[in-house]
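So you can see what is in the structure, the chains are spelled out below.
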Amino acid sequence: MYEQKTKETDDSVVEFIEAIESKKKKEDAYRLLDIFTEETGYEAKMWGPSIIGFGSYHYVYKTGHEGDAPLVGFSPRKAKISLYFATGDQERETLLKDFGKHTSGKSCVYINKVDDIDIDILKKLIHQSVAFLKKLYPASE
């Protein structure tokens, strides 16, 4: 049976951020921590060794695969900062047009630094993602 790799842990978010070597990336991580906490109302939790997540939802795919994931989150990785928002909602793509300097993959939006993006759009992306997932998965926390 499939074992989900990225699970919520009891590891300290602050200890994780404090271990970041780059001073600028550490500052950006604290800025994002404040923004995500304020906008979601959820306490930050570590998911796996490197994702800071907010809230959670339980998903079940048509294949029967299921698991838990944060409603939104971010990870200050060495190369870029990964932002995790819900996929599948056209509003996400519309908001990303005015987001600022970024690239995006299937489930991640990548930025170099917080100064490259529009914070108001970031806040809208957070709210859009949480609302979309709560509608899709009503038992979300």
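Cut-offs used in this document
Residues numbered from 1 in each chain as written. Predicted model: local features only at pLDDT ≥ 70, side-chain atom pairs only at ≥ 80, totals over all residues. Heavy atoms only, no water. Helix = DSSP H or I, 4+ residues; strand = E, 2+ residues; numbered from the N terminus. Rg over C-alpha atoms; globule rule 2.2 N^0.38 Å. Buried < 20%, exposed > 50% of the residue type's maximum accessible area, 1.4 Å probe, protein only. Contact = heavy atoms within 4.5 Å. Expected span 1.5 Å × (residues − 1). Pairing = 2+ DSSP bridges. Axes fitted to C-alpha atoms, helices over the stretch in contact; angles between N-to-C directions. Phe/Tyr/Trp six-rings, centres within 6.5 Å; stacked < 30°, edge-to-face > 60°. Parallel < 35°, antiparallel > 145°, perpendicular 65-115°, else oblique. Left-handed = near helix turned anticlockwise from the far one by under 90°. Nonpolar A, V, L, I, M, F, W, Y, C, P; charged D, E, K, R; others polar.

Any chance you could explain the overall build of the chain here in plain terms?
Of regular secondary structure, the chain possesses four helices and eight strands. In the chain, the succession of α and β elements from N to C terminus is α-α-β-β-β-β-β-β-α-β-β-α. The C-alpha atoms of the chain give 15 Å as radius of gyration, which agrees with the globular expectation for 141 residues (14 Å, within 12%). Considered along the principal axes of its C-alpha atoms, the chain spans approximately 40 × 35 × 25 Å. Residue burial in the chain is summarised as follows: out of 141 residues, 46% are buried. Within the chain, residue pairs in contact and separated by at least 24 positions form 54% of the contacts whose partners lie at least 6 positions apart.

Sorry if this is basic, but what is going on with helix 2 (residues 23–40) here?
Along an α-helix, a turn takes 3.6 residues, which lines up residues three or four apart on a common side. Taking 1.5 Å as the rise per residue, helix 2 with 18 residues should run 26 Å; its terminal C-alpha atoms sit 26 Å apart, in good agreement. Buried within helix 2 are the following residues: Lys25, Asp28, Ala29, Leu32, Leu33, Ile35, Phe36, Glu39 and Thr40. Each element contacted by the buried residues of helix 2 is listed here: helix 1 (13–18), strand 1 (44–47), strand 2 (51–54), strand 5 (72–76), strand 6 (81–84) and helix 4 (119–136). Phi turns positive, to about 80°, at Gly41, one or two residues after helix 2.

Would you mind showing me how to read the sheet that holds strand 2 here?
The strands making up a sheet associate through backbone hydrogen bonding, with each pair oriented either parallel or antiparallel. In spatial order, the strands read 1-2-5-6-8-7; together these six strands make up an open sheet with antiparallel pairing. Where the open sheet ends on each side, the last strands, each with one partner, are strand 1 and strand 7 (103–104). In terms of strand pairing, strand 7 meets strand 8 (residues 108–111) through two bridges, oriented antiparallel. What sits directly across from Ser104, in strand 8, is Val109. Of the strands in this sheet, strand 1, strand 2, strand 5 and strand 6 are in contact with helix 2, which crosses strand 5 at around 175°.

Looking at this structure, how should I read the packing of aromatic side chains?
For any pair of aromatic rings, geometry is given as the distance between the ring centres together with the angle between the planes. Applying the stated criterion across every chain, the model contains six aromatic pairs. Taking 5.3 Å as the distance between ring centres and 25° as the angle between the ring planes, the aromatic pair formed by Phe36 and Phe54 counts as stacked. Remark: Phe54 occurs in strand 2 and Phe36 occurs in helix 2; sequence separation between them is 18 residues. Here the two residues Phe36 and Phe54 agree in accessibility, since each one is buried. Pairing Phe36 with Phe85 gives two aromatic rings, centres 6.4 Å apart and planes at 10°, and the pair type is stacked. Taken together, the residues span a long stretch of sequence, with Phe36 in helix 2 and Phe85 in the loop between strand 6 and helix 3 (90–96) at a distance of 49 residues.

Looking at this structure, how should I read the packing of helix 2 against helix 4?
Relative orientation and spacing of two packed helices are given, respectively, by the angle between their axes and the distance between those axes. Remark: helix 2 packs on helix 4, axes separated minimally by 10 Å, with the N-to-C direction vectors making an angle of 50°. By the angle between their axes, helix 2 is oblique relative to helix 4. Helix 2 and helix 4 meet at a crossing whose hand is right-handed. Contacts between helix 2 and helix 4 pair Arg31, Leu32, Ile35, Phe36, Glu39 and Thr40 from the former with Ile119, Leu122, Lys123, Ile126, His127 and Val130 from the latter. Of the residues assigned to the contact of helix 2 with helix 4, the class counts are seven nonpolar, two polar and three charged.

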